[in-house]
Amino acid sequence: MQYMKCKGAGAIIKQLRKNKNLSQAELGKNLGFSARTISDWESGNTEPNISTIKALVKFFDISYEEFFEEI
């Protein structure tokens, strides 16, 4: 799977979310976060911690290498 070239985790999260046709609210519900938190990640205001990244790679069924390859 190809991810867009980006400068941070937020852009990857946004691309992964859009690839699954999920809203920020839907992704947040699946991971136990608010839509605002997802928005903050995607806009670069905050970044997910390592335990959240672990949940993200599991949810999107990708490897850590795939997640971090464009950062």
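For the structure itself, consult the block above.
Since we're looking at a predicted model, the values are computed, not measured.

Trainee: Describe in detail the nonpolar core, supporting the description with residues and values.
Mentor: Ile13, Leu16, Leu27, Leu56, Phe60, Ile62 and Phe67 are the most contacted members of the largest nonpolar core, which totals 15 residues. With four residues, helix H1 (residues 9–19) is the largest single contributor of residues to this core.

Trainee: Quick one: what's the story with the pattern of salt bridges, residue by residue and with numbers?
Mentor: Enumeration over the complete set of coordinates arrives at two salt bridges. For Glu42, the salt bridge identified is with Arg17, shortest N-O distance 2.6 Å. Residue Glu42 is found in helix H3 (residues 35–43), and its partner Arg17 is found in helix H1; the two are separated by 25 residues along the sequence. Comparing Glu42 with Arg17, the two get one shared label, buried. Between Asp40 and Arg36 there is a salt bridge; the shortest N-O distance is 3.2 Å. Highlighted residues: Asp40 and Arg36, both in helix H3, separated by four residues, approximately one helical turn. For Asp40, a relative accessible area of 16% corresponds to the buried category.

Parameters and conventions
Residues numbered from 1 in each chain as written. Predicted model: local features only at pLDDT ≥ 70, side-chain atom pairs only at ≥ 80, totals over all residues. Heavy atoms only, no water. Core = buried A, V, L, I, M, F, W, Y, C linked by side-chain atoms within 4.5 Å. Buried < 20%, exposed > 50% of the residue type's maximum accessible area, 1.4 Å probe, protein only. Helix = DSSP H or I, 4+ residues; strand = E, 2+ residues; numbered from the N terminus. Salt bridge = Lys/Arg side-chain N within 4 Å of Asp/Glu carboxyl O.

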